[in-house]
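# Descriptive analysis of the structure
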Amino acid sequence: MAESMIGLKRSCRCAEVTKNQIGETVTLMGWVQKARNKGGIIFVDLRDRSGIMQLIFENGDIDEEGFVKAGKLRSEFVIAVTGRVEARTGAVNTNLATGELEIRCISLRILSEAETPPFAVEENSKTREEIRLKYRFLDLRRPDLQKNLMVRSRVAQLTRAFMANEGFLEIETPMLIKSTPEGARDYVVPSRVHPGTFYALPQSPQIFKQLLMCSGYDRYIQIVKCFRDEDLRADRQPEFTQIDMELSFVDVDDVIDVNERLLAYLFKEILGVEVQLPIQRMTWQECMDRFGSDKPDLRFGMELKNVSEVVKDCEFAVFKNALAAGGSVRGINAEGQGGMPRKKIDKLVDFAKDYGAKGLAYVAISEDGSYKSSFAKFMKPEEMDALIAAMDGKPGDLLLFAADKNTVVWAALGALRIELARQMDLLDKNEYKFLWVTEFPLLEWSEEEQRFTAMHHPFTMPMEEDWDNIDTDPGCVRAKAYDIVLNGTEIGGGSVRIHQDDIQEKMFEVLGFTKEQAWERFGFLLNAFKYGVPPHAGLAYGLDRLVMLMVQADSIRDVIAFPKVKDASDLMSEAPAAIDEKQLQELCLKVDIPEEE
Ligand code: ASP
């Protein structure tokens, strides 16, 4: 039987009651975490989003009817109680903010009863994630998820306040836009009014925010949903949130300046962490050479070394062939891992193969300075000595080498470096290492499409000093693009934009668009460029990832209220789902699913 709360008013949330209120009467409302009936006395933990308060029902404080009702309380019942704040008589619970207090109840109302939930609402739940996601409304009651979403809310609020103070205007851009396939696949929405045509959901507000700069809004910010229909990976969501911004009359340094102050502010306010400004910067080339990654984790060393010069005359075919094909030989030194069992080294080799390497060559140096190696028999002793010296190999170290195209060597060793750091426990969760990665290549060769594609997007400004090479050596042209990286995760990225129509048209040409195709897709931007466009630049953060790192969550799903799973479905609402025949007819759509082969 559900009672009403007429005549009752909540005094505060459970964990907001303080010692100063001892002796006062308060009214609290929330969910029963657990109830223990000890005969003449009933203890109840009452939970709301602030935390837990212990309630005591004892015959005499509360009338007979109330006491009987209290005996019926079970987990997840929603109740309202009025009672006196007291210092705890029993053991003080130092784990709870309210651990020194309890409420001696004088009245109880059951606002709603609850069936036994499919899993207990508790921190660090061991229940399978699929079940928790099916009952997300229950899962969201857990204190760890509630804390994550509260941090997320704080990040959004503080960002808005900070950016408003910096002169940014919050402006919404449309969700139903024209499909401009470049980058990821679009989610599309059929139009009923114009049968056979489709809107796309935005992958980012990119073009609109640039148009806002053309329209003179000077500084724009939006916390905005974006949609990308990509092949799903475990930690990717088809819809995600960006903190998106664009600024006029600025260059790289201006964007970096306001953003590092924003980051320092957020980390100070929310985590009490001082971010040292200015944040370190490194060019893309240096990142790749030293860490094999454009989002290096700087919490530890284990840098890559290019030993191509050292091994250039050796007879080991793997090294020789890689160098002859224009590739490189690089290595990392896993210090102190020389005693790693062969089986474990083989696992590292398999790991590297997942990243495209054909294998790994290794040298395991024992404490007495002798070594075991997978390839020493193909090398002269002095060549081995030179190689070990080049790697700073000391007794007890494990040296691992990859030889291939640069891209493969970087990918394999970059990933191996992180994997080893994990195994060697080098990643301090409480350390926050930020890095700006700058001077990205403008273009990236796509084997699949046999053409250059934009590494960031087609509106990214090339570096002025490289632009003359666009026809002779397009792959070497660098861009005014930057990423912000935290502990090996890219949390945001952006660029200075092209604002000159001749450069933009040339850029489309390099990307393989005809003039007609460029105008067909991006005509409204090119048109706007004809009527006065300020130099502008911008950046977007992945809000989900940023919050995930701040709360040290294991999964991006833990910082999104209603996330989707790997196959892009929602286990709770069961979206996506078929629609009625009538809806299809209105949209003039026919479904034609090819038979599985
Ligand atoms: N629109 C870009 C992105 O989503 C960010 C930017 O260039 O501002 O990655």
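Use the structure listed above.
In short, a report on the structure. Within every chain, residues take consecutive numbers counted from 1 along the sequence as written. Local features in a predicted model are, by the rule used here, given only for residues with pLDDT of at least 70; side-chain atom pairs are given and counted only at 80 or more, and totals for whole chains, interfaces and linings are based on all residues. With hydrogens and water set aside, each side-chain value is computed from the structure's full complement of heavy atoms.

Before going further, it helps to spend a moment on the overall build of the protein chain. Counting secondary structure elements, the protein chain contains 15 helices and 22 strands. Overall, the protein chain is about 95 × 75 × 55 Å in size when its C-alpha atoms are taken along their principal axes. Relative accessibility decides the category of a residue: with a 1.4 Å probe and only protein chains considered, values under 20% of the type maximum give buried, values over 50% give exposed, and everything between is partly exposed. By the burial criterion, 49% of the 597 residues in the protein chain qualify as buried. Contact between two residues is taken to exist if any of their heavy atoms lie within 4.5 Å; hydrogens are not considered. Looking at the protein chain alone, contacts between residues at least 24 apart form 68% of all its contacts between residues at least 6 apart. The method behind every accessible area is Shrake-Rupley, applied with a 1.4 Å probe, and residues are considered shielded solely by the protein chains displayed. Carbon and sulfur atoms make up 50% of the accessible area of the protein chain, which amounts to about 30,100 Å² in all. Asp and Glu are treated as the negative residues and Lys and Arg as the positive ones, with His and the ends of the chain left uncounted. Every charge is mapped onto a representative atom, which is NZ of Lys, CZ of Arg, CG of Asp or CD of Glu. Averaging the positions of the 75 positive and the 98 negative side-chain charges in the protein chain gives two centres separated by 5 Å. The helix and strand labels rest on DSSP assignments: H or I over at least four residues marks a helix, E over at least two residues marks a strand, and numbering proceeds from the N terminus.

Burial of strand β16 (residues 398–404) is extensive: seven of the seven residues sit out of reach of the surface. Residues of β16 alternate between two faces, with Leu 398, Leu 400, Ala 402 and Asp 404 on one and Leu 399, Phe 401 and Ala 403 on the opposite face, all of them buried. The pairing of strand β13 (residues 328–334) with β16 spans seven bridges and is antiparallel. Its bridge partner being in β16, Asn 333 is matched across the sheet by Leu 399. Here, any two strands with at least 2 DSSP bridges between them count as paired. Here four bridges tie strand β14 (residues 361–365) to β16, and the two strands are oriented antiparallel to one another. Among the inter-strand pairings, Ala 361 is bridged to a residue of β16, identified as Phe 401.

Lining the immediate surroundings of the ligand are 13 residues, of which Gln 206, Lys 209, Gln 242, His 456 and Arg 497 lie closest. Take Ser 204: an N or O atom from its side chain is 3.1 Å from a nitrogen atom of the ligand. Lys 209 places a polar side-chain atom, nitrogen or oxygen, 2.6 Å from an oxygen atom of the ligand. For the ligand, whose free accessible area comes to 270 Å², the fraction covered by protein is 88%. Among the secondary structure elements, those contributing two or more residues to the shell around the ligand are α5 (206–214), β21 (489–496) and β22 (536–542). Per element, the largest residue contribution to the shell around the ligand is three residues, and it comes from β22. One heavy atom suffices: a residue is near a molecule or strand as soon as one of its heavy atoms comes within 4 Å of it. Identification of polar contacts relies on pairs of N or O atoms within 3.5 Å, with a donor-acceptor requirement for protein atoms, meaning one able to donate a hydrogen and the other able to accept it, and with residues adjacent in sequence counted only if both atoms are side-chain atoms.

Our focus in this paragraph is the packing of aromatic side chains. Working definition: rings of Phe, Tyr and Trp (its six-membered ring) pair if their centres are within 6.5 Å, and the pair is stacked with planes under 30 degrees apart, edge-to-face with planes over 60 apart, and tilted otherwise. In this structure the tally under the stated criterion is 20 aromatic pairs. Taking 5.3 Å as the distance between ring centres and 10° as the angle between the ring planes, the aromatic pair formed by Phe 316 and Phe 378 counts as stacked. On the criterion of sequence distance, the pair formed by Phe 316 in the loop between β12 (305–306) and α8 (317–324) and Phe 378 in the loop between β15 (371–373) and α10 (381–390) is long-range, its members being 62 residues apart. Taking 6.4 Å as the distance between ring centres and 85° as the angle between the ring planes, the aromatic pair formed by Phe 459 and Phe 508 counts as edge-to-face. Of this pair, Phe 459 sits in the loop between β19 (451–454) and β20 (481–486) while Phe 508 sits in helix α12 (residues 501–510); the two residues are 49 residues apart in sequence, bridging distant segments of the chain. Summarising the burial analysis for this pair, Phe 459 and Phe 508 share the class buried. One aromatic cluster in this structure is built from Phe 316, Phe 319, Phe 375, Phe 378 and Phe 401. In this scheme, the term charge over a ring applies when either NZ of a lysine or CZ of an arginine sits within 6 Å of the ring centre and within 35 degrees of the ring normal. Note that Lys 134 overlies the ring of Tyr 135, its terminal NZ or CZ placed 5.7 Å from the centroid. Residue placement shows Arg 417 over the ring face of Phe 300; its charged tip is 4.0 Å from the ring centre.

In this section: a nonpolar patch on the surface. Patches here are clusters of residues that have more than 30% relative accessible area and form no salt bridge, with a 9 Å joining cutoff for like charges and a 5 Å cutoff for nonpolar side chains (Val, Leu, Ile, Met, Phe, Trp, Tyr). Salt bridges are defined by distance alone: a side-chain nitrogen of Lys or Arg within 4 Å of a carboxyl oxygen of Asp or Glu. Where nonpolar side chains cluster on the molecular surface, the patch consists of Met 175, Leu 176 and Tyr 199 and spans about 240 Å² of accessible area. Topologically, Met 175 is positioned in the loop between β6 (169–170) and β7 (188–190).

Among the secondary structure elements, Leu 543 is positioned in helix α14 (residues 543–551). For Leu 543, a relative accessible area of 2% gives the class buried. Residues Leu 543 and Lys 530, 13 residues apart in the sequence, show an inter-C-alpha distance of 34 Å. Not counting residues within four places of it along the chain, the set of residues in contact with Leu 543 comprises Arg 152, Val 155, Ile 223, Thr 241, Gln 242 and Ile 243.

Let us now look at helix α6 (residues 252–271). Helix length check: α6, at 20 residues, gives a terminal C-alpha distance of 28 Å against a target of 28 Å (1.5 Å per residue), a fit within 8%. If you check which residues of α6 are buried, you get Val 252, Val 255, Ile 256, Val 258, Asn 259, Glu 260, Leu 262, Leu 263, Ala 264, Leu 266, Phe 267 and Ile 270. Within two residues after α6, Gly 272 carries a phi angle of roughly 70°, on the positive side. Every helix has an expected span of 1.5 Å times one less than the residues it contains.

On to the sheet that holds strand β1 (residues 25–37). To summarise the sheet geometry, strands pair through backbone hydrogen bonds and adopt either a parallel or an antiparallel arrangement. Sheet architecture is closed into a barrel: five strands sit in the order β1-β2-β3-β5-β4, paired in mixed fashion. Each adjacent strand pair in this sheet contributes to an overall mean axis angle of 55°, direction not counted. Of the pairings in the sheet, the one linking β1 to strand β4 (residues 78–87) comprises seven bridges and is antiparallel in character. In the strand pairing of β4, Thr 25 is matched with Arg 84. Every angle, taken between N-to-C directions, lies between 0 and 180 degrees, and every axis is a line fitted to C-alpha atoms, over only the stretch in contact when it is a helix.

In spatial order, the strands read β12-β13-β16-β14-β15; together these five strands make up an open sheet with antiparallel pairing. This sheet does not close on itself; its edge strands, each paired only once, are β12 and β15. Packed onto the sheet, α8 meets β13, β14 and β16 and runs at close to 45° relative to β16. Together, β13 and β16 form the strand contacts of helix α11 (residues 406–423), whose direction differs from that of β13 by roughly 5°.

Pairing analysis gives six bridges linking β1 to strand β2 (residues 41–48), with the strands arranged antiparallel. Pairing of Ala 35 across the sheet is with Val 44, part of β2.

Let's shift gears to the nonpolar core. Grouped together as the largest cluster of nonpolar side chains are 111 residues, with contacts concentrated most on Phe 267, Leu 420 and Phe 434. A per-element tally of this core places α6 first, with ten residues. Core analysis: the next-biggest nonpolar cluster, separate from the first, contains 26 residues, Cys 14, Met 53, Phe 57 and Leu 73 among them. Only buried Ala, Val, Leu, Ile, Met, Phe, Trp, Tyr and Cys residues count toward a nonpolar core, and they belong to the same one when joined by side-chain atoms within 4.5 Å.

With that out of the way, let us pick up α14. For the α-helix, the turn length of 3.6 residues means that residues three or four positions removed from each other point alike. Most of α14 sits out of view: eight of its nine residues are buried. Leu 543, Asp 544, Leu 546, Val 547, Met 548, Leu 549, Met 550 and Val 551 are the residues of α14 that are buried. The positive-phi residue at the C-terminal boundary of α14 is Gln 552, with phi of around 55°.

So, about the pattern of salt bridges. The final tally for this structure, using the stated rule, is 52 salt bridges. Asp 139 is the salt-bridge partner of Arg 136, the closest N and O atoms lying 2.9 Å from each other. Taken together, the residues span about one helical turn, with Arg 136 and Asp 139 both in helix α3 (residues 136–139) at a distance of three residues. For the residue pair Arg 136 and Asp 139, the accessibility class agrees, reading buried in each case. For the salt bridge of Asp 346 with Arg 342, the shortest nitrogen-to-oxygen distance reads 3.2 Å. Of this pair, Asp 346 and Arg 342 are both found in helix α9 (residues 342–354), four residues apart, which corresponds to roughly one turn of the helix. Linked through salt bridges whose partners overlap, the residues forming this network are Glu 58, Asp 61, Arg 84, Glu 86 and Arg 104.

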